Amino acid sequence: MVLFSSTTGERHLRANDREFNLSFKYAFLSTCGFISMSRVCSLQNNAIKTSKYNIFTFLPLNLFEQFQRLANAYFVFLLILQLIPAISSLSWFTTVVPLLLVLCMTLAKDGSDDINRHKNDRQVNNRRVDVLIDGKLKSEKWMNVQVGDIIKLENNQFVTADLLLLSSSEPLNLVYIETAELDGETNLKVKQALTVTGDMGDDIDTLAAFTGEVHCEAPNNRLDKFTGTLSVQGATYALDNERIILRGCTLRNTEWCFGLVLFGGPDTKLMQNSGKSTFKRTSIDHLMNVLVLFIFGLLALMCTALAIGNSIWEHQEGTSFTAFLPRQEGANADFSSFLSFWSYVIILNTVVPISLYVSVEILRLGNSYYIDWDRKMYHTKSDIPAQARTTTLNEELGQIKYIFSDKTGTLTQNIMVFNRCSINGKSYGEVVDFSGQRVEITEKTEKVDFSWNPLADPKFCFHDHSLIEAVKQGSREVKAFFRLLALCHTVMPEEKREGELFYQAQSPDEGALVTAARNFGFVFRGRTPDTISVVEMGISTAYQLLAVLDFNNVRKRMSVIVRSPDGRLTLYCKGADTIIYERLHPSCSKLMEVTTDHLNEYAGEGLRTLALAYKDLDEAEFEVWKVRHHEASTTMEDREAKLDDIYEDIEKDLMLIGATAVEDKLQDGVPQTIEQLSKADIKIWVLTGDKQETAENIGYSCNMLREEMTEVFVVAADTAEGVRQELVNARKMMSPGSPDEPPVLKSGIIGKKSEEVLDEKVEGEYGLVINGHSLAYGLQEDQQLELLRTACMCQTVICCRVTPLQKAQVVELIKKHKKAVTLAIGDGANDVSMIKAAHIGVGISGQEGMQAALSSDFSFAQFRYLQRLLLVHGRWSYLRMCSFLRYFFYKNFTFTFVHLWYAFFCGFSAQTVYDEWFITLYNLVYTALPVIGLGLFDQDVDDRWSFRYPQLYAPGQQNLYFNKMAFVRILLHSSYSSVILFFIPYAAIQDTVRDDGKDIADYQSFALLAQTCLLIAVNVQLGLDTSYWTAVNQFFLWGSLSVYFAVTFTMYSNGMFLIFTSSFPFIGTARNSLNQPNVWLTIFLTTILCALPVVAFRFLLIQLRPTMNDKVRYKMRQDKAVLPPLPRRFPRRRISTRRSGYAFSHARGYGDLVTSGRFLRRNVKSRPTLFPLAESPVAESSPQIYRSIDGTQSSKQA
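Remember, predicted model here, so these are calculated numbers, not experimental data.

1. Considering the overall build of the protein
In terms of helices and strands, the protein carries 40 helices and 38 strands. Looking at the protein as a whole, 57% of its 1198 residues qualify as buried. For the protein, the exposed area adds up to about 50300 Å²; of that, 57% sits on carbon and sulfur atoms.

Below, the structure is given as structure tokens:
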């Protein structure tokens, strides 16, 4: 009996007793606004809530969040200043209009996002399920299901909540569930109810009278673990994870089952794994915050200096003007200086324009649409497009340094394909031409015709016709090979209709092998506890099953002993080649050498291999062994060890038949994608729940691990000291001179200091494989840096048997100690914590489950789209955002600094250089669209050249395009331009007259000339910054200039002055000034002087220190923008001595269950096929049809 104390947060509930369970308030739904899991205002039900706002809280909460942004609060402060007449040098509308625009755009965007979340919540919460209430089954909404309710689920139905399985329609109260929503796996898993509850069956009266009490653990996110007890009629039964069905699963191949609700709503393990949503901000956002603080300091410094200048001027010169400009009562020079400070704060506020934030949101939204609209990231087969679920992280995609990937469902399809085999020293599976040369297998390669076999799987593909010929010619060795595959397994067949077979296998590998035998004429048709039925080349044959010598992790093999119809006793064995070779008869030595060469070749291609052998048994020998086996299997002490010894005695002097090679089918393009990302200097870590051998094998298949690597370290120690020593030894081997203390770079400001662990130089390429147990020690506080140093020295890191929490901890470790941007990609609920922990979360969406995609920032259907997301969209977004920010700061600093120089000529009186309307429209109209065009359409090279040269991605990782030094350069450039734009027009217009002798040396003419020079100069700079011109860019640029002149002539017209005299004082200035040649000569001169240093500097830089970007663009122009075709690459044939010999479950098999007969289905009424052949998600992409009954091998540790 398992006991819990109240201090552990145990859960206590009673079946069919809502009043009793309500007193504990277990399942909580917030009614307190955006705090979605509040345990203050709560109701007990099964509803989930992922939305942030409701109709009452939306406006105040959203505005509260927006004004937490420093810039928005700053502009409200400016607005208040502008409402004070004594210091207001600009009209209030110059701030109100852009501020309202920003707030409204953000309100609309956040409101739209939250409406979608509300819709998703309602869709889930309003699903229907049958609930046992007052002795009757009633259809209820999911949201109304409560803890302690008994519910009925039917075939293909989603599991409503976390349930204790009570009974089912299947033998032994088994149910089959698909956990795709949780871990991305489509092979079925089996759960079993306790006998005491299973006996209730579907008797409603008995179920309604059930009052069992459950004591169990508090809600948590461990998908693979459950601890509790069930008390029924004074007896207590232990509960573990095998009795629990989790929300997010789907009931398969089971007509019905009943379950007791243990956890509901946010308490379910699915929702617990969803984790806390954090507001993600890009590295550019963080840099912008620092720069904005610096700009505020610069603004305060400039305003202070100008205020001091005003005080000095008032003392020295101001008294001369008091005769005709008398001061107000109580005002003096010092007070005037104080007012001047705040007036300059208003005038110079354009150093941080609010339109910057409007434009940034527009750019991010636009670049997000590019991802949504990209047809090259659309998966036709599943009809799933790429989706940017978060619109604020686009440029971060261009700075990724570390990728953390799940394996099953992300890199692989969790589908095994029978690919190659070796039979009696001959290798099959390759296709060769008439000259004996190997031919690459493509979709157009002719397939073997299995139409002669009515029981063949129509989805199975094989291309080597020589194997089918050998079968038809009756080769004894080939027949023995496929007979072994048809007999030596624990697969369960299901035949819904005549000839339509479905295999339920413990692992996808085993299903693939049995399916291969099926297609080559040895069809496994059915089994009883004592027999196996096989159709051999059209002839039905029954073999007597005498024993199953089951697989476990130590034996690494399984055997069956059968009696053929002619009375011959045979032991068939399959397993890891090293294990089988140790037990072969000496006469097999030559065949073993040839088979070993084949196995090395298969392993070099990343295939999973098994060796096959058999032994003819003597009747008398077997009878003696059978007695010993019975004694060992019934002993109470050391049963496992004694059985292993008994197995060893009979599994010797085996005769080798051959070997199989199964491909753990990768998603399309995975190796190429990983290769491209590696060339871009992106490090890829695989974090998987799979076993070490499986994870390693996929590492080699994906070319992440390679035979050419200097060393692949395996860390598998069971103690903290052992793990530390293995990590230190690996580090010393990679870098013998590595110091004991890690090299650290300290940075940051007071209160927010950070330490970055620097990369260390390594000679050669290394890989690291570490299991979850060792990783737990490595993640301890005192060993984190050692783990980090060793892992970061390696080219590839694979962490296996890791939990969802450990996945997130690994990501957090990199984020904490490396100034690098991280990306996590996965497809199941066990990847959600990792996805949310990383800077960027990517979900694989499709038939494998949507939990990861719903929690991600970006989603698509195939892993291969990741290279386009990063190398094209990410790089372009980063490039565009940096170009945008550099230009935006330049144009606004230049605009603002002109006021600074003018202050020395206007007595520091806070008078503006430009017309008030120009100040209002400069960022909103005159320069808004051209810079947005730059941020939306600019690109240095097209997508094809981005793929050809992945090294172009490096500047984003190093943050070269926009950083603090780039900002300083912008300040210096703007200072130079502002000097030109003020003093050249000032000198040119001083004492100048028109052609007709009229004076134009007035303030209004100077203001018009200065602002026209400014606008043309910044537009020329925009042209220099633009790498890729489109019709839209041209329209925005010339259109904005046209609008400026049109607005200027309109506002400076007589009509506007007569209608709004005080608002449009610049009457006639435009037509008096802009028709003079010397004015246009001044505009031309200032433009040339502003642009010339930029052109000269860039020319010298390209000539003396060209970047990779410059070289590629030059090559692109040399090739006249025609990309040379990629060389066609055939897969390299490589030989490897490393192979994975696991084509069956990594846990103990179901041999005992098979031979007991308890697993066989009792006669139940006919049920419709769960997965018709044409609709099965596995069948559509796999040559074989099977369903797993355990899936332990490929299942992921939750």
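After that view of the structure, there is still more to cover.
2. What to know about the packing of aromatic side chains
Counted under the stated rule, the structure contains 54 aromatic pairs. A centroid spacing of 6.5 Å and a plane angle of 20 degrees characterise the contact between F482 and F522, whose relative ring orientation is stacked. Here F482 is found in helix α13 (residues 476-487), whereas its partner F522 is found in strand β22 (residues 522-527), with 40 residues between them in sequence. By the burial criterion, F482 is buried, and F522 matches it. The rings of F418, F450, F460, F462, F481, F482, F520 and F522 are connected pair by pair, giving a single aromatic cluster. In this structure, R14 packs its charged tip against the face of F20, placed 4.0 Å from the ring centre. A cation sits over an aromatic face here: K891 above F888, 4.1 Å from the ring centre.

3. Thoughts on the UniProt feature "active site" (unreviewed entry) in the protein
Per the UniProt record, "active site" (unreviewed entry) is annotated on D406. Inspection of the secondary structure assignment puts D406 in the loop between β17 (400-405) and β18 (412-423).

4. Topic: the pairing of strand β23 (residues 531-536)
Examined bridge by bridge, β22 and β23 share 5 bridges and lie antiparallel to one another. Opposite R527, over in β23, you have I532 as the bridge partner. Where β22 folds back on β23, the antiparallel hairpin that results is connected by 3 residues. Note: β23 against strand β24 (residues 539-549), 6 bridges, orientation antiparallel. Across the sheet, the residue bridging to S533 is A542, located in β24. Adjacent in sequence and paired antiparallel, β23 and β24 are bridged by 2 residues, among which M537 carries a positive phi angle near 50 degrees.

5. Brief notes about helix α33 (residues 1003-1025)
In this model, α33 (23 residues) spans 33 Å end to end at C-alpha, consistent with the 33 Å of a helix rising 1.5 Å per residue. Counted residue by residue, α33 has 18 buried out of 23 residues, so it is predominantly covered.

6. Focus on the state of the cysteines
Considering all chains together, one arrives at 0 disulfides under this definition. Summary of cysteine pairing: C800 is not part of a disulfide, and the nearest cysteine sulfur, belonging to C799, is at 7.5 Å.

7. Focus: the environment of L643
Relative to the elements of secondary structure, L643 occurs in helix α18 (residues 639-650). Remark: the alpha-carbon pair of L643 and H629, spanning 14 residues in sequence, is separated by 6.9 Å. Setting aside chain neighbours within four positions, we find L643 in contact with H629, A632 and S633.

8. Quick notes on helix α2 (residues 58-66)
Among the residues making up α2, those that are buried are L61, N62 and Q66. Mapping the buried residues of α2 onto a view down its axis gives an arc of 135 degrees, with all of them on the same face.

9. Side note on a nonpolar patch on the surface
A cluster of nonpolar side chains, F904, F905, V979 and F983, forms an exposed patch at the surface whose accessible area comes to about 350 Å². Tracing the backbone through its elements, the reader meets F905 in the loop between α27 (865-903) and α28 (916-926).

10. Description of the packing of helix α23 (residues 784-793) against helix α24 (residues 804-817)
Relative to each other, α23 and α24 sit at 90 degrees, their axes nearing to 11 Å. Considering their axes alone, α23 and α24 lie roughly perpendicular with respect to each other. Contacts from Q784, L785, L787, L788 and C792 in α23 reach L813, I814, K816 and H817 in α24.

11. Observations concerning the sheet that holds strand β16 (residues 387-388)
An order of β16-β37-β36-β35-β17-β29-β34-β33-β30 is seen for the 9 strands of this open sheet, with the pairing classed as mixed. Each edge of the open sheet carries a strand with a single partner, namely β16 and β30 (711-715). Where strand β33 (residues 766-771) lies against strand β34 (residues 796-800), 5 bridges are found, and the strand directions are parallel. Across the sheet, residue G767 finds its bridge partner in β34, namely T796. Running at roughly 155 degrees to β34, helix α20 (residues 692-701) makes contact with β30, β33 and β34 of the sheet. Lying on the sheet, α23 is in contact with β17, β29 (683-687), β33 and β34; it crosses β29 at an angle near 120 degrees.

12. Some remarks on the environment of L411
If you trace the backbone, L411 turns up in the loop between β17 and β18. For L411 and R864, which are 453 residues apart along the polypeptide, the C-alpha to C-alpha distance reads 8.9 Å. Among residues more than four places away in sequence, those in contact with L411 are S405, D406, L666, Q667, V670, I674, V686, I698, C702 and F863.

13. A closer look at the pattern of salt bridges
Inspection of every chain in the model, using the stated rule, returns 40 salt bridges. K679 is paired through a salt bridge with E675; the nearest N and O atoms lie 3.8 Å apart. Highlighted residues: K679 and E675, both in helix α19 (residues 670-679), separated by 4 residues, approximately one helical turn. Looking at E675, the relative accessible area reads 28%, which means it is partly exposed. Residue R706 is joined to E765 by a salt bridge in which the shortest nitrogen-to-oxygen separation is 2.2 Å. One end of the pair, R706, is in the loop between α20 and β30; the other, E765, is in the loop between β32 (752-757) and β33, and 59 residues separate them in sequence. Each of R557, E582, R583, E648 and E651 takes part in one network of salt bridges that share partners.

Conventions adopted
- Residues numbered from 1 in each chain as written.
- Predicted model: local features only at pLDDT ≥ 70, side-chain atom pairs only at ≥ 80, totals over all residues.
- Heavy atoms only, no water.
- Helix = DSSP H or I, 4+ residues; strand = E, 2+ residues; numbered from the N terminus.
- Buried < 20%, exposed > 50% of the residue type's maximum accessible area, 1.4 Å probe, protein only.
- Areas by Shrake-Rupley, 256 points an atom, 1.4 Å probe, with all protein chains shown as cover.
- Phe/Tyr/Trp six-rings, centres within 6.5 Å; stacked < 30°, edge-to-face > 60°.
- Lys NZ or Arg CZ within 6 Å of the ring centre and 35° of its normal.
- UniProt positions renumbered as here; feature names shortened; annotations may be inferred.
- Pairing = 2+ DSSP bridges.
- Expected span 1.5 Å × (residues − 1).
- Disulfide = S-S within 2.5 Å.
- Contact = heavy atoms within 4.5 Å.
- Arc of directions from axis to C-beta.
- Patch = residues over 30% accessible without salt bridge, like charges linked within 9 Å, V, L, I, M, F, W, Y side chains within 5 Å.
- Salt bridge = Lys/Arg side-chain N within 4 Å of Asp/Glu carboxyl O.
- Axes fitted to C-alpha atoms, helices over the stretch in contact; angles between N-to-C directions.
- Parallel < 35°, antiparallel > 145°, perpendicular 65-115°, else oblique.

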